[in-house]
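# Remarks on the overall topology
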Amino acid sequence: GLEHRCCLEGERRRSGERQARFNREMIAAILPLAVSFARAGRLPLTRRAFMAGSSIVAASMSSQPAGASPGFVTETLLVNGQRYNAQRFVEADVGMKFQRTELTDKLFAQAWPADWPFPPSAFSRLDESDDGDFYSSPRFVYHIDEGAVRALTDYYKASIPDGSAVLDICSSWVSHYPDDFPQKMKRIAGTGMNSLELEGNKQLSDFTPKNLNIEPKLSGYADNSFDVVTCVVSVDYLIHPLEVFKEVRRVLKPGGKFILSQSNRMFQSKAIKMWLGMDDLQHALVIGAYFNYAGGWSKARAFDVSPSGPRTNDPLFIVEAIKE
């Protein structure tokens, strides 16, 4: 009846107020960084709105511009005796333009607070159930759109030297490396939640299924064994980021680089709670904070590498640092 509806509306309002209060607290946790920058107008909101839906993207592989290469292949993956149909992007000129705008001075000009600013509640999630159950079924789809995929591939091509030993953490059936990387790199290892997805990743030379939220260790990988570590749109799921960043530093060679990419798509139920109340540039600021408080890293650098052209709806940002 009316009284029941009023109670429901009251609870929804209180729930919304609690979430809004939490969001304000998370923003305040990185004061005087994000808030002061925003007030000064130095960090305007990004040109694309936060996408509140699922991060599963049915890759847009049709309606290519006239005269352009198709840019994808349709294939059947044979994984653990089972067949899965998938469409995979391949390098091609599809009418997109790529750029690199450095954001380092805007994001990381101020000194970091002396103490770790994030409370434990920042790393809670809407769904605290077993991540292994959530990721148990393989998803042979892309989690960012075609433009963001190609922008990331373009960045890797310019940033990872031939002959490197590379580790892709939080990996899946694609790592977004250039097509010729398996031939040009010394090694491409991968870790991720789903063994079937990793088995379907043709760019990996070896892989190890690993849940970094249960054990934030890169066990099985020796100290100083990789030149580059990559992490694609997954840092927002880590509930022990400092431990993971320290482990990445351990397995990197001196001078090795950790490259993290981030867009605005996610599984909202599995992302850390503070992520939900922040925009793209504040996300990059948080990643920079992880580098700072983990210790042993150079000053982080940040770039907006969002592409332009057809099928380029998702933004893409890079935050990276070098092991000291």
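Residues numbered from 1 in each chain as written. Predicted model: local features only at pLDDT ≥ 70, side-chain atom pairs only at ≥ 80, totals over all residues. Heavy atoms only, no water.

## What about the overall build of the protein chain?
Operational definition: Numbering goes from the N terminus for both helices and strands, where a helix is a DSSP run of H or I of at least four residues and a strand is a run of E of at least two. Residues count as neighbours in contact if any of their non-hydrogen atoms are within 4.5 Å of one another. Residue burial considers only the protein chains on display, and all accessible areas are found by Shrake-Rupley using a 1.4 Å probe.
Within the protein chain one finds 10 helices and 10 strands. A fraction of 76% describes how many contacts in the protein chain between residues 6 or more apart in sequence connect residues 24 or more apart. As displayed, the protein chain offers around 14,500 Å² of accessible surface, 52% of which is attributable to carbon and sulfur atoms.

## Overview of the side chain of His 283
Structurally, His 283 is set in helix H10 (residues 280-294). Contact partners of His 283, with chain neighbours within four places excluded, come to Trp 275 and Met 278.

## Let's talk about the confidence of the model for the protein chain
The predicted structure's coordinates, where accompanied by low pLDDT, should not be read in detail. Condition: Per-residue confidence from the predictor is given as pLDDT, running between 0 and 100.
Per-residue confidence for the protein chain gives a mean pLDDT of 85, with 79% of residues at or over 70. Predicted confidence for residues 34-69 stays below pLDDT 50, and this span has 89 contacts to residues more than four positions away or in other chains.

## What to know about the packing of aromatic side chains
The following threshold applies: Side-chain rings of Phe, Tyr and Trp, where Trp is taken by its six-membered ring, are said to pair if the distance between their centres is within 6.5 Å; with planes under 30 degrees apart they count as stacked, over 60 as edge-to-face, and otherwise as tilted. With a 1.4 Å probe rolled over the protein chains alone, any residue whose accessible area is under 20% of its type maximum counts as buried; one over 50% counts as exposed, and the rest are partly exposed.
Using the criterion set out here, one finds 26 aromatic pairs in the structure. Where Phe 89 meets Tyr 142, the ring centres are 4.5 Å apart and the plane angle is 45 degrees; that geometry is what we call tilted. Of this pair, Phe 89 sits in strand E2 (residues 82-89) while Tyr 142 sits in the loop between helix H4 (131-134) and helix H5 (146-159), and the two are 53 residues apart along the sequence. Of the residues examined, Tyr 142 reaches a relative accessible area of 3% and is grouped as buried.

## What to know about the sheet that holds strand E6 (residues 206-209)
For the record, the criterion: Pairing between strands requires that DSSP locate at least two bridges from one strand to the other. To get an axis, a line is fitted to the C-alpha atoms, and for a helix only the part in contact is used. The angle between two axes follows their N-to-C directions and goes from 0 to 180 degrees.
Taken in spatial order, the eight strands line up as E3-E9-E10-E8-E7-E4-E5-E6 in an open sheet, and their pairing is mixed. Each edge of the open sheet carries a strand with a single partner, namely strand E3 (101-102) and E6. One ladder, built from four bridges, connects strand E9 (residues 301-304) with strand E10 (residues 317-322); its direction is antiparallel. Opposite Phe 303, over in E10, you have Ile 318 as the bridge partner. The strands touched by H10 are strand E8 (252-262) and E10; relative to E10, the strand with the most contacts, the crossing angle is about 15 degrees.

## Some points on the pairing of E8
Put simply, the test is: When the strands point away from the viewer, a crossover counts as right-handed if the path from the first strand over the helix to the second runs clockwise.
Bridge count for strand E7 (residues 226-232) against E8 is six bridges, and the pairing is parallel. Each bridged residue has a counterpart across the sheet, and for Val 229 the counterpart in E8 is Phe 258. In terms of handedness, the path from E7 via helix H8 (residues 241-251) over to E8 forms a crossover that is right-handed. Across six bridges, the pairing between E8 and E10 is antiparallel. In the sheet register, Gln 262 faces E10, and the bridge partner there is Phe 317.

## Things to note about the nonpolar core
We count it as follows: We define a nonpolar core as any set of buried Ala, Val, Leu, Ile, Met, Phe, Trp, Tyr and Cys residues linked to one another through side-chain atoms lying within 4.5 Å.
Ile 169, Phe 245, Phe 258 and Phe 291 are the most contacted members of the largest nonpolar core, which totals 52 residues. The leading source of residues in this core is H10, at 10 residues. Those residues in contact with Phe 245, other than ones at most four positions away along the chain, are Val 235, Phe 258, Leu 260, Ile 287, Tyr 290, Phe 291, Ala 294 and Trp 297. Counting 33 residues, the second-largest nonpolar core is a separate cluster that includes Phe 140, Ala 151, Val 174 and Val 233.

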